[in-house]
Amino acid sequence: MVKSLKNMVRSGDLTAGTFLVEFVTPGIGHILAGAGCDFAFLDMEHSGFSEETVKAGLRFLEAGGIPTLVRIPSREAHDIARIADVGAEGVMLPLVGNIEVARAAVAALKYPPLGRRGVALRIAHDKYRSSTPAEALAAANDRTVLILMIETAEGVEQAEAIAALDGVDALWLGHFDLSASLGIPGRFDHPAFREATRRICDAARKHRKGLGRLVAGAAEAQQALDDGFRLIAWGGDAWLLQDALAAGLGGLRRMVPG
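Since we're looking at a predicted model, the values are computed, not measured.

A.B. asks: An account of the layout of surface pockets is requested, with residue identities and associated values reported.
C.D. replies: The volume enclosed by the largest pocket comes to roughly 440 Å³. Phe19, His175, Phe176, Leu214 and Trp239 are, among the 23 residues lining the largest pocket, the residues nearest its centre. Considering only residue class, the lining of the largest pocket consists of 13 nonpolar, 4 polar and 6 charged. Of the voids in this model, the second largest pocket is the one considered here, and its volume is about 380 Å³. Taken together, 20 residues line the second largest pocket, and the ones lying closest to its centre are Thr18, Leu32, Cys37, Trp234 and Leu240. Those elements that place two or more of their residues in the lining of the second largest pocket are strand 1 (15–20), helix 2 (28–35), helix 11 (218–227), strand 8 (231–236) and helix 12 (237–255).

A.B. asks: Outline the side chain of Thr18, listing residues and values.
C.D. replies: You can see Thr18 is positioned in strand 1. Since its relative accessible area comes to 6%, Thr18 is described here as buried. Of note is the side chain of Thr18, whose polar atom sits 2.8 Å from the backbone oxygen of Trp234. With near-sequence residues (within four places) excluded, Thr18 lies in contact with Leu32, Cys37, Phe39, Ala40, Phe41, Ala233, Trp234, Gly235, Gly236 and Leu240.

A.B. asks: Which residues make up the nonpolar core, and what values go with them?
C.D. replies: With 54 residues, the main nonpolar core has Val91, Leu93, Leu148, Leu171 and Ile200 as its most contacted residues. Beyond its immediate chain neighbours, meaning those up to four positions away, Val91 contacts Val70, Ile72, Ile80, Ile83, Ala84, Leu109, Val145, Leu146 and Ile147.

A.B. asks: Can you tell me about unusual backbone geometry, naming the residues and giving the values?
C.D. replies: Glycine aside, negative phi is the norm for most residues, and most peptide bonds take the trans geometry. In this structure, the amide linkage connecting Pro112 to the following residue, Pro113, adopts the cis form with an omega of 10°. Note on placement: Pro113 falls in the loop between helix 5 (99–109) and helix 6 (133–143). A positive phi is found at Arg122, a non-glycine position, where the angle reads about 55°. With respect to the element layout, Arg122 can be found in the loop between helix 5 and helix 6.

A.B. asks: So, the pairing of strand 6 (residues 170–173): which residues are in play, and what are the values?
C.D. replies: Residues Ala170 and Trp172 point to one face of strand 6 and Leu171 and Leu173 to the other, with burial holding for every one of them. Here strand 5 (residues 145–150) pairs with strand 6 via 4 bridges, running parallel. By the bridge assignment, Ile150 is partnered in strand 6 with Leu173. Note: strand 6 against strand 7 (residues 210–215), 4 bridges, orientation parallel.

A.B. asks: Hey, could you go over the sheet that holds strand 8 for me, with residue numbers and the actual values?
C.D. replies: The 8 strands lie next to each other as 1-2-3-4-5-6-7-8, forming a closed barrel whose pairing is parallel. Ignoring which end each strand starts from, the neighbouring axes of this sheet average 25° apart. Strand direction decides the pairing type here: strand 7 and strand 8, joined by 4 bridges, are parallel. Paired with Val215 across the two strands is Trp234, which belongs to strand 8.

Basis of the calculations
- Sequence positions are assigned chain by chain, starting from 1 and proceeding in written order.
- Confidence filtering applies because this is a predicted model: local features only for residues at pLDDT of at least 70, side-chain atom pairs given and counted only at 80 or more, and all residues used for totals across whole chains, interfaces and linings.
- Side-chain figures throughout are based on the complete set of non-hydrogen atoms in the structure, without hydrogens or water.
- Only protein atoms enter the 1 Å grid used here, on which a cavity is any set of points holding a 1.4 Å probe that cannot leave and a pocket is any open set flanked by protein within 12 Å on both sides along at least five of seven lines; residues with an atom within 4 Å of a point are listed as lining.
- Grid points are joined across faces, edges and corners, and a volume is the space filled by probe spheres set on the points.
- Asp, Glu, Lys and Arg are counted as charged, while Ala, Val, Leu, Ile, Met, Phe, Trp, Tyr, Cys and Pro are counted as nonpolar; the rest, among them Gly, fall into the polar class.
- Think of it this way: any DSSP run of H or I at least four residues long counts as a helix, any run of E at least two long counts as a strand, and we number them from the N terminus.
- When accessible area is computed with a 1.4 Å probe and restricted to protein chains, residues below 20% of their type maximum are described as buried, those above 50% as exposed, and intermediate ones as partly exposed.
- We define a polar contact as two N or O atoms separated by no more than 3.5 Å, with the added condition that, inside protein, one atom must be a possible hydrogen donor and the other a possible acceptor, whereas residues neighbouring each other in sequence contribute only through side-chain atom pairs.
- Contacts are assigned to residue pairs with any non-hydrogen atoms lying within 4.5 Å of each other.
- Put simply, a nonpolar core is a bunch of buried Ala, Val, Leu, Ile, Met, Phe, Trp, Tyr and Cys residues held in one set by side-chain atoms that sit within 4.5 Å of each other.
- Only strands that DSSP links by at least two bridges are regarded as paired with each other.
- Only the contacting stretch of a helix is used when fitting its axis, a line to C-alpha atoms as for every element, and angles between N-to-C directions run 0 to 180 degrees.

Now the structure itself:
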């Protein structure tokens, strides 16, 4: 099976990666590959990364063979199409609360006849390769992955309708935003949060869509696996560096004789 985000999401097997919010450097693809990452989650919503930064970052990640999904900071059609044009295999939308937004996202990401994305060929998204227009559009439609974040009470109510939509490949649990929307910020063991998570997972399983989320440690990862998540981002670049450095420096200081 070709290593692609679409194949990973379709497989139902564990696909493990990490979250990039700070360090998009030339070596990042090889660094992640050396760590065993299957994919990268490159974030525009909270990072301040520009489209130019993302375009460069995607090339860095491709160098290491790392398929990448990009979370954009909006749900606008021009933002969806533009980030796909610069080469993102997967596009993630935040705060998807209803079926109308989901339908519009599919239309913006897919070329006719599946959608209405504007056509530009022999650019970054098709690796500047020549092919017939019909072949290029069909290949792009098959390759691109749409992941929608369910992170509000409204989104939970419409999760099944969203998951049922052709062109939606996966649902992603936005755990912090969802807990805040439910009035229980950060209380991930609260019955209301657990019930909302169950509904999201049931919707994705019923319609054979992928299930993704970010985890911050072993206990959270085990809960995610038990819930049925198989597209999992382990921590994030800034946090992983800071935690590893803090642990190392703490250990070093403890070595000094008292």
